[in-house]
Amino acid sequence: MNKFTEITDAEIQAYVDNQLDLDRCLEIESYIQTHPEMAELIKDYQDLNHSIYQLYSPALDEELPEQTKQTISNKKTHLNTRLSRRRPIQRKLIKVAASLAWLAIGGIVGWHSHSSNTILTQSIDDHTSHLVQPASFAHAIYSTESRHPVEVSAKEEQHLVGWLSKRLHTDIKAPDLSKNNFELIGGRLLPSTNRMAAQFMYERNDSIRITLYIRRGAWDNNKTAFHYSKQGSISVLYWIDGEMGYALVGDLNKTDLLDLSKQVFQQIS
Amino acid sequence: MTEIEQHIVAYIPRLRRYAQALTKGHSSMAEDLVQDSLERALDRSHQFRQGTDLRAWLFTIMHNVYANQVRRINNGPDFVELPETINESLVDTSTSKLELSDLHRAISELPLEQRKILLLVTLEGLPYQQVADTLGIPVGTVMSKLSRTRQHLRKLTHRDNSPHLRRIK
């Protein structure tokens, strides 16, 4: 128990930034159960991170300014001539040509956006806004539904899995979590930030529900360990495996959620 | 377009977000910063060494461009201080505007290096070692400055300790 007292300031930072290894995370978590002051400090730092993210992230979705678009399409069409040296009418024509090229490229990218290696105008999908947050929202909305928690019930599991696989363009499986006393109730197709996502819902006999959220993404890091994030009262364990991002969400403690995530990981990968 | 150029282009939205935060919400300055950094990165993409971190390289370029930008403004003949108002679109409606704009102001008042460290870690999720490499400082300094910045922001935004700023939810 004494090792708890050795929690360093650097470890607190690393914990808050998800840069600490999982074992040490778990130790810190049991420590803060009995040390409310430390718990409050960590909570404040996590809230701070979240607020900074909220404050600046809308910029990710803003349309690019014309000048920037032009720089990109100039690169694409090898139009590297300095526009300013040309006569106004020429400049205008080049601008029109460049924006047409931009439109065309946009169209092509839009058309092929399900193909995995198109990264021309797509941004890199980050874990928080493209996986953790939509997964938590979807969990919060549907897991509390008494009459319509799922779109297709587990009775039609085969149909459900086939349908989701088709829509997500990849083989999706609903992992069997009965060893951990969770039974599949069903699932649904969801819109995610910029793609589609699948959600499976499981229930334990004490009515606790967890959801597994699966989506494809252009992640900046295509192989990650299990990461843990707390969104309000909801815990999220997530990981990236190739193009696919997985998030297991529930009002469970981290250890239970980690056990379940390992189950999911083993069955899916 | 080469592969590396495509990667650079894919990073534009993140460069824009970082620039907004770095320039303390001056939209036009942020736009220029992204544009100049982008042009420089594309021009020099052949200088990027494969196997090193692209993000670190891009942020280093942006930091240099920003330093020039600030120098130019400070030396300019008719510099008028722009109001550091927060861009409306920066504010998410789910959290009260007042709280986020307080935070924005507090971050804008941080010394430049502390601001960079905080933003690279929280917005970009850069590992501490990469932050250290990008800024050319030891990783221990990154951690201690990060800790001090957080303590400072916490004190400013904590309900009990401040008459001006409210607790960040």
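Everything here concerns the structure above.
Here the structure is a predicted model, which is why all the values come from computation and not from measurement.

Thresholds applied
Residues numbered from 1 in each chain as written. Chains lettered and ligands numbered in written order. Predicted model: local features only at pLDDT ≥ 70, side-chain atom pairs only at ≥ 80, totals over all residues. Heavy atoms only, no water. Contact = heavy atoms within 4.5 Å. Buried area = accessible area lost by both parts, 1.4 Å probe. Salt bridge = Lys/Arg side-chain N within 4 Å of Asp/Glu carboxyl O. Polar contact = N/O pair within 3.5 Å; in protein donor to acceptor, adjacent residues only side chain to side chain. Helix = DSSP H or I, 4+ residues; strand = E, 2+ residues; numbered from the N terminus. Buried < 20%, exposed > 50% of the residue type's maximum accessible area, 1.4 Å probe, protein only. Pairing = 2+ DSSP bridges. Axes fitted to C-alpha atoms, helices over the stretch in contact; angles between N-to-C directions. Phe/Tyr/Trp six-rings, centres within 6.5 Å; stacked < 30°, edge-to-face > 60°. Lys NZ or Arg CZ within 6 Å of the ring centre and 35° of its normal. Expected span 1.5 Å × (residues − 1). Bend = angle between axes of the 7 residues up to and from the residue.

**Student:** So what's going on with the interface of chain A and chain B? Residues and values would help.
**Tutor:** How big an interface is tends to be reported as the loss of accessible area on association of its parts. Across the contact, 41 residues belong to chain A and 49 residues belong to chain B. Roughly 4,400 Å² of surface becomes buried between chain A and chain B when both sides are summed, with 59% attributable to carbon and sulfur atoms. Inspection of the region where chain A meets chain B yields four salt bridges. Taking the shortest distance from any N to any O, the salt bridge between Arg150 of chain B and Asp17 of chain A comes out at 2.6 Å. Linking chain A with chain B are 17 residue pairs in polar contact (both at pLDDT 80 or more). Looking at the side of chain A that touches chain B, the elements with two or more residues in it are helix H1 (9–16), helix H3 (36–56) and helix H4 (66–77) of chain A. In terms of residue count, H3 of chain A provides more of the side of chain A that touches chain B than any other element does, 13 residues in total.

**Student:** How would you explain unusual backbone geometry if you had to name every residue and give the values?
**Tutor:** Even without a glycine there, the phi angle at His169 of chain A is positive, about 55°. Even without a glycine there, the phi angle at Lys24 of chain B is positive, about 60°. You can see Lys24 of chain B is positioned in the loop between helix H2 (12–22) and helix H3 (27–43).

**Student:** Any chance you could break down the pairing of strand S4 (residues 209–216) of chain A for me, citing the residues and the numbers?
**Tutor:** Residues and elements named next belong to chain A. Counting buried residues along S4, eight of its eight residues qualify, which places the element largely inside the surrounding structure. Both faces of S4 are covered, namely the face carrying Arg209, Thr211, Tyr213 and Arg215 and the face carrying Ile210, Leu212, Ile214 and Arg216. Where strand S3 (residues 196–203) folds back onto S4 in an antiparallel hairpin, the turn is made up of five residues, including Ser207, whose phi is positive at roughly 70°. As judged from the seven bridges shared by S4 and strand S7 (residues 244–250), these two strands associate in the antiparallel manner. Its bridge partner lying in S7, Tyr213 is registered against Ala247.

**Student:** Can you tell me about the side chain of Arg150 of chain B, naming the residues and giving the values?
**Tutor:** Its place among the elements puts Arg150 of chain B in helix H8 (residues 139–157). One polar contact links Arg150 of chain B to Asp17 of chain A, side chain to side chain, over a distance of 2.6 Å.

**Student:** Explain the sheet that holds S4 of chain A residue by residue, including any values.
**Tutor:** Residue and element names in this part refer to chain A. Across the sheet, seven strands lie side by side as S1-S2-S3-S4-S7-S6-S5; this open sheet has antiparallel pairing. The sheet is open, and its two borders are formed by strand S1 (152–153) and strand S5 (227–231), each paired with just one other strand. Sheet topology note: the strand S2 (residues 183–191)/S3 ladder contains eight bridges and is antiparallel. Within S3, the position partnered with Arg188 by the bridge is Gln199. Across the sheet, helix H8 (residues 254–268) touches S4, S5, strand S6 (234–241) and S7, and the angle it forms with S6 is around 30°.

**Student:** Give me the lowdown on the packing of aromatic side chains, citing residues and values where you can.
**Tutor:** Applying the stated criterion across every chain, the model contains six aromatic pairs over all chains. Measuring from centroid to centroid gives 6.4 Å for Trp239 of chain A and Phe265 of chain A, while their planes differ by 75°, and the two rings are edge-to-face. With Trp239 of chain A in strand S6 and Phe265 of chain A in helix H8, this residue pair connects regions lying 26 residues apart in the sequence. Residue classification places Trp239 of chain A among the buried positions, given a relative accessible area of 2%. Each residue in the set Phe226, Trp239, Tyr246 and Phe265 of chain A is aromatic and connected to the rest through ring pairs, giving one cluster. The side chain of Arg188 of chain A reaches across the aromatic face of Tyr142 of chain A, ending 3.6 Å from its centre. Positioned above the aromatic ring of Tyr45 of chain A, the side-chain terminus of Arg150 of chain B is 5.9 Å from the ring centre.

**Student:** Give me the lowdown on H1 of chain A, citing residues and values where you can.
**Tutor:** Of all eight residues making up H1 of chain A, six are buried, and the element is well covered by its neighbours. Turning to H1 of chain A, the residues buried within the fold contact helix H2 (22–33), H3, S5 and H8 of chain A together with helix H7 (128–135) and H8 of chain B. At the exit of H1 of chain A stands Asn18 of chain A, carrying a positive phi of roughly 55°.

**Student:** Before we move on, could you go through helix H6 (residues 127–142) of chain A and cite the residues and values that matter?
**Tutor:** Residue and element names in this part refer to chain A. A rise of 1.5 Å per residue sets the reference length of H6, with its 16 residues, at 22 Å; its end C-alpha atoms lie 21 Å apart and thus fit the reference within 8%. Where H6 bends most, the angle comes to about 25°, and this point is Gln133, followed within four residues by the proline Pro134. Taken residue by residue, H6 has His127, Ser129, His130, Leu131, Val132, Gln133, Pro134, Ala135, Ser136, Ala138 and His139 as its buried positions.

**Student:** Run through the pattern of salt bridges, naming residues and quoting values.
**Tutor:** Residues and elements named next belong to chain A. Under the definition given, this model contains 17 salt bridges over all chains. We note a salt bridge from Glu27 to Arg24, for which the minimum N-O separation is 2.5 Å. Note that Glu27 and Arg24 are positioned in helix H2 at a spacing of three residues, about one turn of the helix. Judged by its relative accessible area of 12%, Arg24 is buried. With a shortest N-O distance of 3.0 Å, Lys43 and Asp47 are connected by a salt bridge. On the criterion of helical spacing, the pair formed by Lys43 and Asp47 is a turn pair, its members being four residues apart in helix H3. Classification of Lys43 as partly exposed rests on a relative accessible area of 43%.

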